[in-house]
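Here's the letter readout for the chains.
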Amino acid sequence: MTQNSTEHVLVTGGAGYIGSHTVVELIAAGHKITLVDSLERSEYRIIEGIESITNSKVEFHKIDCLDFSSLDDLFSKNKFTSVIHFAAYKSVNESVVNPIAYYKNNVGSLLVLLEVMKKHQVIDLIFSSSCTVYGQPDQVQVNELAPFKKPESPYGSTKQMCEKILEDAATENFRIVSLRYFNPIGAHPSTLIGELPIGIPNNLVPYVTQTAAGVREKLTVFGTDYNTPDGSCIRDFIHVSDVATAHVKAIGYLKCKTEKRIFEAFNLGTGVGVSVLELVKKFIEVTGVSLKYTLGPRRSGDVEKVFADPGKINTHFGWYTQYDLSQSLLHAWQWEKKLRGV
Ligand code: UD1
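Report on the accompanying structure. (Residues numbered from 1 in each chain as written. Predicted model: local features only at pLDDT ≥ 70, side-chain atom pairs only at ≥ 80, totals over all residues. Heavy atoms only, no water.)

## Section: the packing of helix H7 (residues 204-212) against helix H11 (residues 325-340)
How two helices pack is summed up by the angle between their axes together with the distance between the axes. Relative orientation of the contacting elements H7 and H11 amounts to 55 degrees, with a least axis distance of 9 Å. Considered as vectors, H7 and H11 are oriented oblique to each other. Crossing geometry of H7 relative to H11 is assigned as right-handed. Seen from H7, the contacting residues are Val205, Pro206, Thr209, Gln210 and Ala212; seen from H11, they are Leu329, Ala332, Trp333, Glu336 and Arg340. When the residues that make up the contact of H7 with H11 are grouped by side-chain class, the tally is six nonpolar, two polar and two charged. (Axes fitted to C-alpha atoms, helices over the stretch in contact; angles between N-to-C directions. Helix = DSSP H or I, 4+ residues; strand = E, 2+ residues; numbered from the N terminus. Parallel < 35°, antiparallel > 145°, perpendicular 65-115°, else oblique. Left-handed = near helix turned anticlockwise from the far one by under 90°. Contact = heavy atoms within 4.5 Å. Nonpolar A, V, L, I, M, F, W, Y, C, P; charged D, E, K, R; others polar.)

Below, the structure is given as structure tokens:
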């Protein structure tokens, strides 16, 4: 593939779920990329998948973002124009059991990265944040002006802390976009890359697809007595490739800006709230597979209902979703079948 851009984007955690899909979209947009990942929670085959989809060789470095000297060395050898920082842990449950590891990895790696960027005067940064920063917002359809509520988990705390750090860091001449993801699901339509959950999945869609594939006995719908039309929680499920394209837009957004200091947060969701039970029924409808599920008690720490007001990102980035829920679920199922060899 020819490179028609002067952008050279460093992608940390680029072998992860959202990172890998973003690398595909960056390459498709003509950007030169360098991918770093510790591979602690991903596998080299994801990088091979990116290479197959894009028909290009990916420059990959196995680096942990807590490692200042390796990052420093990489920045010395490359002239990066921007950085997208995905590298982080993302399991809510695990963060409750092992909070220190979450603060060290999620907050620590951001601080190391900022130090290295400052040293090498790389100033444009896109950060992976989460709607979890809102806790249970007063408005169910939440916009970026909503205050941070009490975080539901140490994972949520790390995202709030990182955003605060970034807001302050911007005064040291950084230009930062924080993208607050809602619930990314699905996989690349090629089925060459997708999510690789470790152990028993916490998240809904990997649990659904593993149950449909016979890996799990049955899905439990956590809570049917919420104040929602069908009693189950409501979320904003968004195709991971749509999440990915927003990062390409974010790079372009910063490039068009003349300000020296920027900190802007954007919701990254569809704007449509879907209940857990609606999603389960839609999965059965679009895939035609049977899915054993049972109605169970609430999961502690779950927010009742939240979905994005995506008005800001639509207006400022000119970004809109390309995939609907049916396509997202179909791609998730195709990826699961590929993983299981069925
Ligand atoms: C949360 C965060 C999100 C974060 C993600 C990381 C919120 C609102 N969202 O997502 O920002 O990036 O964790 O993991 O805080 N469910 C079941 N059965 C299951 C699994 C899940 O019913 O086996 C239900 C949950 O109770 C929830 C919904 O499905 O109502 C979605 O759960 P999940 O996929 O884990 O994502 P969130 O908790 O919304």
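## Examining the side chain of Ser56
Structurally, Ser56 can be placed in the loop between helix H2 (44-54) and strand E3 (59-62). Here the side chain of Ser56 touches Thr54 through a polar contact of 2.8 Å, side chain to side chain. (Polar contact = N/O pair within 3.5 Å; in protein donor to acceptor, adjacent residues only side chain to side chain.)

## Let's talk about the packing of helix H9 (residues 276-287) against H11
At their nearest, the axes of H9 and H11 sit 9 Å apart, and the two run at 70 degrees to each other. As judged from the angle between their axes, H9 and H11 are roughly perpendicular. In this structure, the crossing between H9 and H11 has a hand that is right-handed. Where H9 abuts H11, its residues Leu279, Lys282, Phe283, Val286 and Thr287 lie against Leu325, Ser326, Leu329, Leu330 and Trp333. Its residues assigned to classes, the contact of H9 with H11 comprises seven nonpolar, two polar and one charged.

## Observations regarding the sheet that holds E3
Hydrogen bonds between backbone groups are what pair the strands of a sheet, and the pairing can be parallel or antiparallel. Read from one edge of the open sheet, seven strands run E3-E2-E1-E4-E5-E7-E12, paired in parallel fashion. In this open sheet, the two edge strands, each paired with only one partner strand, are E3 and strand E12 (262-268). Neighbouring strand axes in the sheet, compared pairwise and without regard to direction, differ in orientation by 20 degrees on average. (Pairing = 2+ DSSP bridges.)

## Here we look at the site of the ligand
Near the ligand lie 21 residues; those nearest to it are Ser130, Leu204, Thr220, Arg235 and Asp302. Here Asn183 contributes a side-chain N or O atom positioned 3.0 Å from an oxygen atom of the ligand. Take Leu204: an N or O atom from its main chain is 2.8 Å from an oxygen atom of the ligand. Relative to its unbound accessible surface of 740 Å², the ligand loses 92% to contact with the protein. Mapped by element, the contributors of at least two residues to the shell around the ligand are H7 and strand E9 (219-222). At four residues, the largest contribution of residues to the shell around the ligand is made by E9. When grouped by side-chain class, the residues that make up the shell around the ligand number 11 nonpolar, six polar and four charged. (Near = heavy atom within 4 Å. Areas by Shrake-Rupley, 256 points an atom, 1.4 Å probe, with all protein chains shown as cover.)

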